[in-house]
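Listed below are the residues making up each chain.
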Amino acid sequence: MPSVEIPPPPSTRLLSIGHQRVGLEINFVDKSLKGWTEITVIPTDPMLKQIKLNCRQCNITKTLVNGKPLNSQYSNPYERLKLHDTATVNQHHMLRAKLAPMVRDLPEEELVITLPKSVKIEPIDPFATTTQNVLLNRYIPGSRRHSPDINAGGVTMTPAPTIRIDASTPAFVPIIVRIEFTLENIRDGLHFVGCDPEDRRFPHVYTTHSPLPGSASAIFPCIDDVHEKCTWDLEITVPRTIGDICRAAKGGAEGGDTVMTSIGKTGSDEVDEYSDLDLVVVCSGDLQDEVINSADSSKKTLVFIHDKEIAAHHVSFAVGPFEKVNLSEYRDQDEDDAMSAIAVEVMGYCLPGREHELRNTCVFMHKAVDFFVRDFGSYPYTSYKLAFVDDLPTSTVESASFSICSNHLLFPEDVIDPIYVTTRKLTYALAAQWVGVNIGPKDCSDLWVIIGIGYYMTGEFMKKIMGKNEYRFRLKKDAERVCELDIGRPSLYAQGVRVPFDVSDLEFIVLKAPLVLFILEQRLWKLSGSYVLHRALRRIILHSTTGELANNELNTQYFIKTCEKISHSKLDSFFTQWVYGSGYPRFEVSQRFNKKKLVIEMGIKQVQATETPQKRLQPEDFMMEARAQQWGVVVGPIIPIYSGPMTIRIHEADGTPYEHVVNISEGYTKLDIPYNTKYKRLKRTRRQKERAAVAAGIDISLDQADDVLLYCLGDVLPSEEEIADWRIEEWSKEEEERMGQESFEWIRMDADFEWICTITLNQPDYMFLSQLQQDRDVVAQYEAVQHFSRARESALVSSILVRTLMDRRYYYGIRIEAAFALAKCARPELNWIGEFHLKRAFQEFYCFPGSPLPRGNDFSEFTAYFVQKAIPEAMAQIRNNFGSTPLTVQKFLLDLLRYNDNSNNPISDCYYIATLMKSLARTLMVLPDSDNDGYQHYDFEDQEEKDAKATALSEVERYQRMDQWVPSYQNVISKAALEIKRDLVQHEIIKPNFAELLAYTRESNLDQLRLKAFECLIELGALQRPELLPYILNVIGSDPSPYIRRNLLKIFTTGLGSLAIFGGKKAQQDRPAQSSPGEMIIEEESGEGGMGETALRRKKGLAREGIVGAMKALKYELSGEKVFAEALWKTIQSPELGIMELQELLDICQILYDEKTSLVVTLKLPKHLTCTHVGKGVLHFKWQLRRFPIGPSLKAFPPSLSHSQSAVPATPGPKTHQKKPSIQFTDQTLQQPTPSINTNILPRTPASTSTATPHAPLTLKIKPPSAAVAAAASIPPQTPSAAAVMPKATNRKKKGEGKDRERGAGPTPARDEGGQAKAKRIKTETGAAAGVGGEKKGAAGAPTPMMPPQTPTPAQKMVVPLKIKLKLNPGKGAGGGRG
């Protein structure tokens, strides 16, 4: 762990923001904004000359500084995201260089305001009246600060006392900057819904902040930095009602259907019904005032104030016809009295018709607010608001006192499944108000502590309302998931260093960070005996309120010091391993009881350095791994030895648990744990007698009471009749005798869940059974079930698991895990005992007595509902030795689906039906054996199996058609049907129907259903079908919904990952054709290294499992695919794409295509000059010359190539008029004076490309005709001319040059738009020898031909080649050229 904190780079702004006012007028018809902002700039240095602000996609109309207008420099970065018309995917690096300043941690400032000389930075006089007014405006609450005419009506106000000057008081007089702007063609930051003619939804608009910086500056000018905070006032002007929007739309349409002319419904009566709905503005801060516009009564203005300093990133709003629901009314009288003054008002907003869903979804919010206030500290704002909108790309967007949520989170009262996930997401959005918005990260690497604390607080509340078993069970599942993913990943601290962030990085932080804080709490509780982490969080939140936490920014070091101070212990070792280190420990534990010493000898060995499994590359992780490979992310070495305390709990013979806390500090730890019990272990035969006595109703005698062990769980089905009826198998005599020799019941490693690790313990099965039945900890029960799931299948294991499934006292998650483990015991060698137990358990719970037909659904008990869903899903995993499902299982699941009855059930069965459909379809698939290397087993079907398959497919079709007429919640059944058909196509059971999938992708369908259809298309090979690929990429680039664009792009990248890992058309061509049944395949050891085809295929498959091999394979698969490249580049050029989508697409280009710098050079050629582009920047020029009569003296030819006048006077004759060749970069024409060549190939570089990937100046080489060619053409060869060096005003003279050469002085310097001379140099060289044969020099150094005059001959044409090379050297701005 680093001992010294690395401070962030010092700010170079020389200013801070004291207060900002923003006024916005929203136009729903044009989907545009018109606004202004007033920024109170507080200079921090007298040398301040410029004010730089972030401002994107805005059109600046006016800029004033202290009320004086002036001109500002503004460069819209979105307008720079263009290349020349001939650019292709190979120029992706040039576009990336232009995008780079926008995605940095501190984005480049686009708006530069140069202060005029009249504005001076003056020190402030703290006792002046103006100073007191400024300080009052800064510190007095907004309700008084902006009260109009506060003394009106004869009301006097007590004058405010003199403000005390402290360190936070500005040292210089503030500057007021006012900027007026408009927004059109909005790409980021704001989204309009229901404003297009074909969109019949209710019109509303909201801000769409993203993890990348720059989202706030896309709406209004500001300093878009999470470290720059100030107070805010917002004035938002909107139409009063929906009818006002419609009237404005009809007035602007002028008879054409070009704008929104109806809302929600098509009928005029229905339109009138909704036209009276008022538009509601929900915004960060507190509503101060609402007034009707005096000039236009159809508009209203709402004023919001925010007295607490927040960053621009946390200012958001939503406008629409929302229904308001007071969620605080669910707080009962006792809770209201208990909270009294600290109670927080919670308000919910939703679109019309969804109030009941809002109430059902957010019914817990008041409990969550009260819980956080009591346990972690006071709420940082005055109220909390939630608004549910359409098309939101993410589930929630957190801002100050306000969260914008997706409508996808809303669910009605009759739906059960989304309860936990939705509750957790909304709870985190609330917890982020304390840590996430009010308290932010000091640096990117501190993101883990902010996200971790927010989700830790969320978990504590979920434990309160869902129960401790649910909380610990899900924590254990998350820990297992971390052990699967945390292989070859950077540490938690290093995850935040990568900017821009990868979404998968944030998902991993969300998964691991709260787990790390949980095990920290477990360890600190043992050290101090109190909840240290709770106290530390309360102190941090308190410091943010009192100002002790600087700028309300929390870093890792501050968090560590706070925890150490409260716990009075050093935590360097813990954070070095779990925060600054990556990976996880793997323990192998051996144990043996030593009867002589009466100790348990244990050995704990850490094997993570040698036995950590290799991470298998998954399609969804492909882009993340590819980015890490391209960025050169170096993963630290695996920590060979983890250290820390571990609790070992030994349940001895009398059933008493004895805890032993040992310190793990070495690779191998040997322990001698003392044994405490003097009694022998209770024998299993005795237990059987007790069970029989209990079943018979006989009391156990008192003399045997001391030997009786308490049986809590798993003791169902005890009678002999039930054992025979259920085919239960007990322990054998040998096992009973061996159990009788044991001195303890079982051993629990890491009993208090203080490690994120994997533990292998060599404990016999009967000890795990005791752990499953007698340990009340749900984690211990889960570990026992997992052991039996991995154990060798047997009838005894199946009996243990079915007793677990049948005992309702178990937590439902344990019963579900037991059901899935039972499926592994359904083997033909065991007489399908697992199938029998699963089927019998389902019939016992959910069918009529003695019948396989199911009873009517009753989902009133939620735990029974989840078990009812899990059993059919587990049965679908049953397979025989050929990978197919027994026909009895298919018929059983088919009957469940066919005879499902939900008529008397108030709860919807859509999720249950979807599970049955997918389970039934899974039984139709033959899963190949993992040992056959891809070769298919041929299992011939009889007529009965064919009929069952046809019936199953028709049943799936029936439910799919029913869902089209009566849609289920979020079309769950239709999505399941599409998944089923995709899987059946992949297993070659049915043929693909792309027309059906394309119909589901239309905009009229539900968003989730559209995405599922696109996912099926891509997984069925649409990326390699030229008729489908352009459509998919077009939707990514032009769909009006950002939710569709972003999620479809994620599906697209996952499809690329599948193509890279599993191969496509080219990979299939490389595979040998499969043989027909009965054919023999003989492989010869030929090929690479003498390997056969199978070995080569395995070698290529192993190469694809690594990221480098997968990237090469993907590039090979898509090489030469022109349709893919053209469609991808067209999508990149779409004006609808946001910054995040564009960044993702450019990452794809970087993987697939080589970088080729391309700059457009326009040549304005004379009549007799032709040009041919050879390639790689090489141009061939050719002169088409004519022969003329040559006299005793001849002028050098061609004149445009001569750099000096000939000393020999030219003979009279016909004059040739030739245009001087001029070379132009893009559309810039720069003429050069005679006689030099125009070589001004200068790209016009924008000011913001200083950080772009550079390239070198262009070097132009011109070779005139050689001496031999010139002699043959009766043209004297030319001497080498001086180099024309730009941007000097004249060429440098060389010795031997005459004054006539000065008349051909070098070209004038090229200038950019600002009038500054270009710094780039263009060199022109000529390549002929100074003399040939008997030539002699003229007076001015020009060559004079030594030949007699010739008789004039008819003119003849001759082609003289010229070679010109344009060399690009990576040294200056790759994106500099226009076009």
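Described below are features of the structure shown in this document. (Residues numbered from 1 in each chain as written. Predicted model: local features only at pLDDT ≥ 70, side-chain atom pairs only at ≥ 80, totals over all residues. Heavy atoms only, no water.)

## Describing the overall build of the protein
The following threshold applies: By definition, any uninterrupted DSSP run of H or I lasting at least four residues is a helix, any uninterrupted run of E lasting at least two residues is a strand, and each is numbered from the N terminus. It only takes one pair of heavy atoms within 4.5 Å for two residues to be counted as in contact. In short, Shrake-Rupley with a 1.4 Å probe defines the accessible areas, and a residue's cover is counted only from the protein chains shown.
Each helix and strand in the protein was counted, giving 43 helices and 38 strands. For the protein, contacts bridging at least 24 residues in sequence account for 74% of all contacts bridging at least 6. In the form shown here, the protein has an accessible surface area of approximately 63,300 Å², with 52% of it arising from carbon and sulfur atoms.

## Quick word on the sheet that holds strand 17 (residues 345-350)
Spelled out, the test is: Between any two strands, at least two bridges found by DSSP are needed for them to pair. Axis geometry follows a simple rule: fit a line to the C-alpha atoms, using only the stretch in contact for helices, then measure angles between N-to-C directions, giving values from 0 to 180 degrees.
Pairing is mixed in the open sheet, where 5 strands are placed in the order 16-17-18-20-19. Lying at the two open borders of the sheet, with one neighbouring strand each, are strand 16 (323-326) and strand 19 (396-399). Ignoring which end each strand starts from, the neighbouring axes of this sheet average 20 degrees apart. Pairing between strand 19 and strand 20 (residues 402-406): 4 bridges, direction antiparallel.

## Re the environment of D370
Considering the arrangement of structural elements, one finds D370 in helix 9 (residues 365-376). Through-space distance from the C-alpha of D370 to that of E335 is 8.6 Å; in sequence the pair is 35 residues apart. With residues up to four places along the chain from it excluded, the contact list for D370 reads R331 and M339.

## Notes on the pairing of strand 28 (residues 744-749)
Counted only if it meets this: Residue burial is assigned from relative accessible area. The probe radius is 1.4 Å, only protein chains are included, and a residue is buried under 20% of its type maximum, exposed over 50%, and partly exposed in between.
By the criterion of burial, strand 28 is predominantly enclosed, with 6 of the 6 residues buried. Note: strand 25 (residues 644-652) against strand 28, 5 bridges, orientation antiparallel. In the strand pairing of strand 28, I648 is matched with M749.

## As for the side chain of E996
Tracing the backbone shows E996 in helix 33 (residues 994-1000). In this structure E996 touches Q960 and K981, once residues within four positions along its chain are discounted.

## Focus: the packing of helix 29 (residues 887-898) against helix 30 (residues 910-923)
The condition is simple: Just so you know how the angles are binned, under 35 degrees is roughly parallel, over 145 roughly antiparallel, 65 to 115 roughly perpendicular, and the rest oblique. Crossing handedness is defined as follows: a turn of the near helix away from the far one that is anticlockwise and smaller than a right angle gives a left-handed crossing, while the clockwise case is right-handed. Residue classes follow a fixed rule: Ala, Val, Leu, Ile, Met, Phe, Trp, Tyr, Cys and Pro count as nonpolar, while Asp, Glu, Lys and Arg count as charged, and any other residue, Gly among them, counts as polar.
Between helix 29 and helix 30, whose axes approach to 9 Å, the crossing angle comes to 155 degrees. Relative to helix 30, helix 29 is oriented roughly antiparallel. The chirality of how helix 29 crosses helix 30 is left-handed. Contacts between helix 29 and helix 30 involve V889, Q890, L893, L894, L896 and L897 from the former and I913, L916, M917, S919, L920 and T923 from the latter. Looking at the contact of helix 29 with helix 30 residue by residue, the classes come out as 9 nonpolar, 3 polar and no charged.

## Points about the sheet that holds strand 10 (residues 204-208)
Reading across the sheet, the 4 strands line up as 9-10-15-12 and stay open at both edges, with antiparallel pairing between neighbours. Sheet topology places strand 9 (189-193) and strand 12 (280-283) at the edges, where each strand pairs with a single neighbour. Neighbour to neighbour, the strand axes of the sheet diverge by 15 degrees on average, direction disregarded. The pairing of strand 9 with strand 10 spans 5 bridges and is antiparallel. Directly across from L190, in strand 10, lies its bridge partner T207.

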